[in-house]
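Chains, contacts and geometry: an overview
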Amino acid sequence: MATGLKALPFSFGAHFLAFVAAIMVLVWCIHFRGGLAWEADNKNLIFNIHPVLMLIGFIILGGEAIMSYKSFPLEKQVKKVIHLVLHAIALILGIIGIYTAFKNHNESNIPNMYSLHSWVGIGVITLYGIQWVYGFVVFFYPGGSSEIRRDSLPWHVLFGMFVYVMAVGNACLGFLEKLTFLESSGLAKYGSEAFLVNFTAIATVLYGVFVFLTILSQAPTADDHSYSAIS
């Protein structure tokens, strides 16, 4: 299916929402939660790196990588490289973001892997890595035959969309989990911080929606390696 509309306006909407969500998560972690630190006596400062990297590094850059085929009026090979590099950066930052959550838990004597958010998160980052490696080998280097690339492309797109939906959904689970912990520790349920976290989650979902509207719309220039309409 396809919207029949131009992708560029939707991509601008996604960029705006990405900017808003990034600002909100930084305000939350720096202003309300005390800042970011790799080493600190206050182990919460270590954890604060996690939502920042997972949202800005993984969700937003991952979305920009997905949209790159539809939002840039560039040559096919240039868009392929942008797509590959942005996904690689998103994957690396996502891995670092997950590591900081483990680091915080280990240094605070908190059990690991006890929540649905953590289970889904490990699954998503694993599938994301598999998707990147497969895309690199088949579509970039050494590259599969034209027949393999043609047959693989629809599945590559669908699998990528599935993983990204899971990533956005799990980000919302993470916001909910953290906010629930904070509220059980005394944070005001109708306070400014609680509203900020909820609106950050909403902006994240809307960003994901605009990413999908972008890839389901018409690219500036058509080519046989773009995210094509799925019928």
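Now for a description of the structure that goes with this document. (Residues numbered from 1 in each chain as written. Predicted model: local features only at pLDDT ≥ 70, side-chain atom pairs only at ≥ 80, totals over all residues. Heavy atoms only, no water.)

**Re the overall build of the protein chain**
Broken down by element type, the protein chain carries seven helices and zero strands. Written out in order from the N terminus, the α and β elements of the protein chain read α-α-α-α-α-α-α. Its C-alpha atoms give the protein chain a radius of gyration of 19 Å, within 12% of the compact-globule value 17 Å for 231 residues. Looking at the protein chain residue by residue over its 231 residues, the buried ones come to 48%. Taking all contacts inside the protein chain whose residues are at least 6 apart in sequence as the whole, residues at least 24 apart take part in 75%. Only carbon and sulfur atoms are counted for the fraction: they give 72% of the accessible area of the protein chain, which is about 11,600 Å². Mean positive and mean negative side-chain charge positions of the protein chain (12 and 12 charges, respectively) differ by 4 Å. (Helix = DSSP H or I, 4+ residues; strand = E, 2+ residues; numbered from the N terminus. Rg over C-alpha atoms; globule rule 2.2 N^0.38 Å. Buried < 20%, exposed > 50% of the residue type's maximum accessible area, 1.4 Å probe, protein only. Contact = heavy atoms within 4.5 Å. Areas by Shrake-Rupley, 256 points an atom, 1.4 Å probe, with all protein chains shown as cover. Lys, Arg positive; Asp, Glu negative; His and termini not counted. Charge placed at Lys NZ, Arg CZ, Asp CG, Glu CD.)

**Re the nonpolar core**
Grouped together as the largest cluster of nonpolar side chains are 47 residues, with contacts concentrated most on Trp-28, Leu-55, Phe-58, Ile-59, Tyr-164 and Tyr-207. Of all the elements in the fold, those that place two or more residues in this core are helix H1 (7–32), helix H3 (49–71), helix H4 (76–107), helix H5 (116–140), helix H6 (146–184) and helix H7 (192–215). No other element matches the 11 residues that H6 contributes to this core. Not counting residues within four places of it along the chain, the set of residues in contact with Leu-55 comprises Ala-21, Val-25, Ile-60, Phe-175, Thr-200 and Thr-204. (Core = buried A, V, L, I, M, F, W, Y, C linked by side-chain atoms within 4.5 Å.)

**Some remarks on the pattern of salt bridges**
Between side chains of opposite charge, a pair can form when the charged atoms approach closely. For the structure on display, the rule yields five salt bridges. Notably, a salt bridge pairs Arg-33 with Glu-193, separated by 2.7 Å at the nearest N-O pair. Placement of the pair is Arg-33 in the loop between H1 and helix H2 (44–47) and Glu-193 in helix H7, with a sequence separation of 160 residues. Among the residues examined, Arg-33 registers a relative accessible area of 25% and is labelled partly exposed. Across the pair Lys-103 and Glu-39 runs a salt bridge, and its minimum N-O distance is 3.0 Å. A residue pair is termed long-range when its members are at least 10 positions apart, and Lys-103 in helix H4 and Glu-39 in the loop between H1 and H2 qualify at 64 residues. (Salt bridge = Lys/Arg side-chain N within 4 Å of Asp/Glu carboxyl O.)

**A word on the side chain of Gln-131**
Structurally, Gln-131 is set in helix H5. Residue Gln-131 is classed as buried on the basis of its relative accessible area of 13%. At 2.7 Å, the side chain of Gln-131 forms a polar contact with the backbone oxygen of His-156. The residues contacting Gln-131, other than those within four sequence positions of it, are His-156, Phe-159 and Gly-160. (Polar contact = N/O pair within 3.5 Å; in protein donor to acceptor, adjacent residues only side chain to side chain.)

**Comments concerning unusual backbone geometry**
Backbone phi values are negative for most residues with the exception of glycine, while trans is the configuration of most peptide bonds. The omega torsion across Tyr-141 and Pro-142 is 0 degrees, close enough to zero to call that bond cis. The topology assignment puts Pro-142 in the loop between H5 and H6. Within the chain, Asn-109 stands out as a residue other than glycine whose phi angle is a positive 60 degrees. Locating Asn-109 in the fold gives a position in the loop between H4 and H5.

**Some points on the layout of surface pockets**
The calculated volume of the largest pocket comes to roughly 760 Å³. Lining the largest pocket are 35 residues, with Phe-47, His-50, Ala-101, His-117 and Glu-177 positioned closest to its centre. Of all the secondary structure elements, the ones that give two or more residues to the lining of the largest pocket are H2, H3, H4, H5 and H6. Looking at the lining of the largest pocket, the element that brings in the most residues is H6, giving nine residues. In the lining of the largest pocket, the residues fall into 20 nonpolar, 12 polar and three charged. (1 Å grid on protein atoms, 1.4 Å probe; cavity = no way out; pocket = protein on both sides within 12 Å on 5 of 7 lines; lining within 4 Å. Points joined across faces, edges and corners; volume = space filled by probe spheres on them. Nonpolar A, V, L, I, M, F, W, Y, C, P; charged D, E, K, R; others polar.)

**Details of the packing of H3 against H4**
Here H3 crosses H4 at 165 degrees, and the two axes come no closer than 8 Å. In terms of orientation, H3 lies roughly antiparallel with respect to H4. The two elements H3 and H4 cross, and the hand of that crossing is left-handed. Class assignment for the residues of the contact of H3 with H4 results in 16 nonpolar, nine polar and four charged. (Axes fitted to C-alpha atoms, helices over the stretch in contact; angles between N-to-C directions. Parallel < 35°, antiparallel > 145°, perpendicular 65-115°, else oblique. Left-handed = near helix turned anticlockwise from the far one by under 90°.)

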